[in-house]
Amino acid sequence: MGREVVGQRDGSGLRLAIAVARFNDFVTSRLLEGAREAAADYGVAPEALDVVWAPGCFELPIVASALASSGRYDAVVCLGAVIRGETPHFEYVAGQAAAGIQRVALDTGVPCAFGVITTNTVEQALARAGGKKGNKGYDAVVTAIETVNALRALRAT
C-alpha cells in the first residue's frame, strides 16, 4: 500500500496572513471574527496573524500575491463576500477573485485559502458568516492550516 498524507490541524508555529475585502464589511467583518477564532482554536499565536484590508474581492488576488511573495507567511487566507445584484457584475468579480487567488497559490507555492462567499442574497451571506451555515472565515483558516501541514508532510517524505 502507498502512503497517505493528511494535513494536521495544528497551527502552532505557523504565520498566517488574512486578506479581507472591505466591500460588504457587514459580512466580511464576521468572516474575519470567525477566522481569528479558528486561528486561536488551532494554536496560531496572535502575533503570528496579520490582517490586510483590500477594497473589495477583485483586489484580493493582488493583496494575496504581495503577502504570499513576502516570504513571511506560511499561508494566506482570503475573505470576502460577493452578493448577486441586478447586473452580471457578480460573475466577473467572483470568477476573477477565485481565479486570481488560485493563481497566487500556484505561482508562489504558498497556500491561499478561498474564504470568499458568493451568494444570491444578503441573508445567505449572513448565514455563512456566523449564522445557520457556520462561518466560512473559520473554515478557511482550518483549510489553510491543513494545507500547510499536508504540504510539509508531503515534502518531508
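Relevant structure appears above.
If you're wondering where the values come from, they're calculated on a predicted model, not measured in any experiment.

**Student:** Tell me about the sheet that holds strand 2 (residues 49-54), residues and numbers included.
**Tutor:** Strands pair in a sheet through their backbones, by hydrogen bonds, and they do so in one of two ways: parallel or antiparallel. Here four strands make up an open sheet; going across it, the order is 2-1-3-4 and the pairing parallel. In the strand order of this sheet, the two ends are held by strand 2 and strand 4 (112-119), each with one partner. For this sheet, the mean inter-axis angle between neighbouring strands, taken without regard to orientation, is 15°. As paired elements, strand 1 (residues 16-21) and strand 3 (residues 75-83) share five bridges and run parallel to each other. In the strand pairing of strand 3, Ile18 is matched with Val77.

**Student:** Explain the packing of helix 1 (residues 25-41) against helix 5 (residues 136-156) residue by residue, including any values.
**Tutor:** Between helix 1 and helix 5, whose axes approach to 6 Å, the crossing angle comes to 40°. The angle between helix 1 and helix 5 falls in the class oblique. Seen along the crossing, helix 1 lies across helix 5 with a hand that is right-handed. From helix 1, Leu31, Gly34, Ala35, Glu37, Ala38, Ala39 and Asp41 reach across to helix 5, where they touch Lys136, Gly137, Tyr138, Val141 and Val142.

**Student:** Describe unusual backbone geometry, listing the residues and the values that go with them.
**Tutor:** Its identity is not glycine, yet Asn24 carries a phi of approximately 60°, on the positive side. For Asn24, the position within the fold is in the loop between strand 1 and helix 1.

**Student:** Give me the lowdown on the pairing of strand 1, citing residues and values where you can.
**Tutor:** Of all six residues in strand 1, six are buried, a share of seventy percent or more. Burial along strand 1 is two-sided: Leu16, Ile18 and Val20 and Ala17, Ala19 and Ala21, pointing in opposite directions, are all buried. Read from strand 1 through helix 1 to strand 2, the crossover connection turns out right-handed.

**Student:** How would you summarise helix 3 (residues 89-108) if you had to cite specific residues and measurements?
**Tutor:** The end-to-end C-alpha distance of helix 3, which contains 20 residues, comes to 28 Å, matching closely the 28 Å that a straight helix rising 1.5 Å per residue would cover. Taken residue by residue, helix 3 has Phe90, Val93, Ala94, Ala97, Gly100, Ile101 and Val104 as its buried positions. The arc enclosing the buried residues of helix 3, seen along the axis, measures out at 140°, which places them on a common side. Projecting away from the buried face of helix 3 at angles above 90 degrees are the exposed residues Tyr92, Gln102, Arg103, Leu106 and Asp107. Buried residues belonging to helix 3 abut helix 2 (60-69), strand 3 and strand 4. Immediately beyond the C-terminal end of helix 3, within one or two residues, lies Gly109, with a positive phi of roughly 80°.

**Student:** Got a sec to walk through helix 1? Specific residues and values, please.
**Tutor:** Given a rise of 1.5 Å per residue, 17 residues ought to cover 24 Å, and the 23 Å separating the end C-alpha atoms of helix 1 matches this to within 8%. Every buried residue belonging to helix 1 is among Val27, Thr28, Leu31, Leu32, Gly34, Ala35, Ala38 and Ala39, and all of these are buried. Taken end-on, helix 1 shows its buried residues confined to a sector of 165°, consistent with a single buried face. Looking at helix 1, the residues exposed on the side facing more than 90 degrees away from the buried face are Glu33 and Ala40. Just downstream of helix 1 lies Gly43, where phi reads positive at about 90°.

**Student:** Before we move on, could you go through the nonpolar core and cite the residues and values that matter?
**Tutor:** Among the nonpolar cores identified, the biggest contains 29 residues, and Ile18, Val77, Leu79 and Val141 are the most heavily contacted of them. Contributions of two or more residues to this core are made by strand 1, helix 1, strand 3, strand 4 and helix 5. If one sorts the elements of this core by residue count, helix 5 sits on top with seven residues. The residues contacting Leu79, other than those within four sequence positions of it, are Ile18, Ala19, Val20, Ala21, Leu31, Leu32, Ala35, Leu60, Gly115, Val116, Gly137 and Ala140.

Basis of the calculations
Residues numbered from 1 in each chain as written. Predicted model: local features only at pLDDT ≥ 70, side-chain atom pairs only at ≥ 80, totals over all residues. Heavy atoms only, no water. Pairing = 2+ DSSP bridges. Helix = DSSP H or I, 4+ residues; strand = E, 2+ residues; numbered from the N terminus. Axes fitted to C-alpha atoms, helices over the stretch in contact; angles between N-to-C directions. Parallel < 35°, antiparallel > 145°, perpendicular 65-115°, else oblique. Left-handed = near helix turned anticlockwise from the far one by under 90°. Contact = heavy atoms within 4.5 Å. Buried < 20%, exposed > 50% of the residue type's maximum accessible area, 1.4 Å probe, protein only. Right-handed = clockwise from strand over helix to strand, strands pointing away. Expected span 1.5 Å × (residues − 1). Arc of directions from axis to C-beta. Core = buried A, V, L, I, M, F, W, Y, C linked by side-chain atoms within 4.5 Å.

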